[in-house]
Amino acid sequence: MKDYIEERAINVANYIVMNNATVRQTAKKFGISKSTVHKDVAERLFYINPGLAAEARKVLDVNKSERHIRGGMATREKYLHQHR
């Protein structure tokens, strides 16, 4: 694996853990796709730093379990601010 990919995977995971960030937020911050964020955290990082990979995975799992709630809240806000 190329050095810059390893470095990116570590930086991405650190960002997720430190900011409790979602995949979408992380992808936007680093200018990469959501699938690249997933691949970095789920596959590549496991070989580089398994401990950090597990921490990042925990944050992403929590975010995934809560996303339907955030989506519902966003929809509610959208309709509350519509003019009738």
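Residues numbered from 1 in each chain as written. Predicted model: local features only at pLDDT ≥ 70, side-chain atom pairs only at ≥ 80, totals over all residues. Heavy atoms only, no water.

Mapping Phe30 onto the fold places it in helix H2 (residues 23-30). For the pair Phe30 and Arg8, spaced 22 residues apart in the sequence, the C-alpha separation amounts to 8.7 Å. What Phe30 contacts, discounting residues up to four positions off in sequence, is Asn11, Val12 and Tyr15. (Helix = DSSP H or I, 4+ residues; strand = E, 2+ residues; numbered from the N terminus. Contact = heavy atoms within 4.5 Å.)

We now examine H2. Taken together, the buried positions of H2 are Val23, Thr26 and Ala27. Relative to the axis of H2, the buried residues are bounded by an arc of 100° and lie together on one face. Residues of H2 that are exposed and point over 90 degrees away from its buried face: Arg24, Lys28 and Lys29. Buried residues along H2 sit in contact with helix H1 (3-19), helix H3 (34-48) and helix H4 (50-80). (Buried < 20%, exposed > 50% of the residue type's maximum accessible area, 1.4 Å probe, protein only. Arc of directions from axis to C-beta.)

Here we take up the pattern of salt bridges. Following the criterion strictly, the structure yields four salt bridges and no others. Asp40 is the salt-bridge partner of Arg44, the closest N and O atoms lying 2.6 Å from each other. Taken together, the residues Arg44 and Asp40, both in helix H3 and four residues apart, mark about one turn of the helix. In this structure, Asp61 engages Arg57 in a salt bridge whose closest nitrogen and oxygen atoms are separated by 3.2 Å. Of this pair, Asp61 and Arg57 both sit in helix H4, four residues apart, which is roughly one turn of that helix. When its relative accessible area of 28% is taken as the criterion, Arg57 is described as partly exposed. The network of salt bridges with common partners includes Arg8, Asp40 and Arg44. (Salt bridge = Lys/Arg side-chain N within 4 Å of Asp/Glu carboxyl O.)

Moving on, we get to H1. Helical geometry note: an α-helix holds 3.6 residues per turn, so side chains three or four residues apart project in the same direction. Taking 1.5 Å per residue, 17 residues should reach 24 Å; H1 reaches 24 Å between its end C-alpha atoms and fits that length. Of all the positions in H1, only Ile5, Arg8, Ala9, Val12, Ala13 and Ile16 are classed as buried. Relative to the axis of H1, the buried residues are bounded by an arc of 130° and lie together on one face. Projecting away from the buried face of H1 at angles above 90 degrees are the exposed residues Asp3, Tyr4, Glu7 and Met18. The inward-facing, buried residues of H1 abut H2, H3 and H4. Remark: Asn20 follows H1 within two positions and exhibits a positive phi of approximately 50°. (Expected span 1.5 Å × (residues − 1).)

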